[in-house]
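# Examining the three-dimensional arrangement
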Amino acid sequence: MLLDKWLPVLTLAELRVALCVNRYTSGFHRVEIEMGVRLLAKRTGLSVAAASSAANSLQKRGIVAFASGPRGRRRYEMTISDCSQIPNSGAHGECSGNM
């Protein structure tokens, strides 16, 4: 699993958010999922502030993307596709497997 390569560099909050987004997108055969930050916080066991901060950090890292949706919700999607962005993964993104 490609996300496994990020385990040493992600914070616990970032990992929880990434796993939640992955579960509700790939796990349900969807490209994106719409959910509010409060629901994301509930599903990850984080505070609203921590869930929002972790999502923002994941977006900066290129792992998760989100855009504002209707009713104050965000549309999240997993954007990680290779290991080239992972610190210490080698010049050519040396890892194998999919998300």
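See the structure shown above.
Description of the structure in this document. The structure displayed is predicted, hence computed values, not measured ones.

Rules behind the numbers
- Residues numbered from 1 in each chain as written.
- Predicted model: local features only at pLDDT ≥ 70, side-chain atom pairs only at ≥ 80, totals over all residues.
- Heavy atoms only, no water.
- Helix = DSSP H or I, 4+ residues; strand = E, 2+ residues; numbered from the N terminus.
- Buried < 20%, exposed > 50% of the residue type's maximum accessible area, 1.4 Å probe, protein only.
- Contact = heavy atoms within 4.5 Å.
- Areas by Shrake-Rupley, 256 points an atom, 1.4 Å probe, with all protein chains shown as cover.
- Arc of directions from axis to C-beta.
- Polar contact = N/O pair within 3.5 Å; in protein donor to acceptor, adjacent residues only side chain to side chain.
- Pairing = 2+ DSSP bridges.
- Axes fitted to C-alpha atoms, helices over the stretch in contact; angles between N-to-C directions.

### Some details on the overall build of the chain
On a plain count of helices and strands, the chain comes out with three helices and three strands. Looking at the chain as a whole, 38% of its 99 residues qualify as buried. Contacts spanning at least 24 positions in sequence make up 54% of the contacts within the chain whose residues lie at least 6 apart. Surface accessibility of the chain: about 5700 Å² in total, with carbon and sulfur atoms responsible for 49%.

### What about helix 2 (residues 37-44)?
Regarding helix 2, the residues found buried are Val37, Leu40, Ala41 and Thr44. Burial along helix 2 is one-sided: seen end-on, the buried residues are contained in an arc of 100 degrees. Among the exposed residues of helix 2, those pointing more than 90 degrees away from its buried face are Arg38 and Lys42. Positive phi appears at Gly45, one or two residues downstream of helix 2, with a value of about 75 degrees.

### Some details on the side chain of Thr44
Relative to the elements of secondary structure, Thr44 occurs in helix 2. Taking relative accessible area as the criterion, Thr44 reaches 8% and is therefore assigned buried. Within polar-contact distance, the side chain of Thr44 engages the backbone oxygen of Leu40 at 2.9 Å. With sequence-adjacent residues up to four places away left out, Thr44 is seen in contact with Arg16, Val17, Cys20 and Ala51.

### A short note on the sheet that holds strand 1 (residues 33-35)
Reading across the sheet, the three strands line up as 1-3-2 and stay open at both edges, with antiparallel pairing between neighbours. Bordering the open sheet on either side are strand 1 and strand 2 (64-68), each of which pairs with just one other strand. Pairs of neighbouring strands in the sheet enclose a mean axial angle of 30 degrees, with direction left out of account. Alignment of strand 1 against strand 3 (residues 74-78), held across three bridges, turns out to be antiparallel. In the sheet register, Glu34 faces strand 3, and the bridge partner there is Arg75. Each of strand 1 and strand 3 touches helix 2; the most contacted strand, strand 1, lies at about 100 degrees to it. Here helix 3 (residues 48-61) sits on the sheet and contacts strand 2 and strand 3; the angle it forms with strand 2, its principal contact strand, is near 115 degrees.

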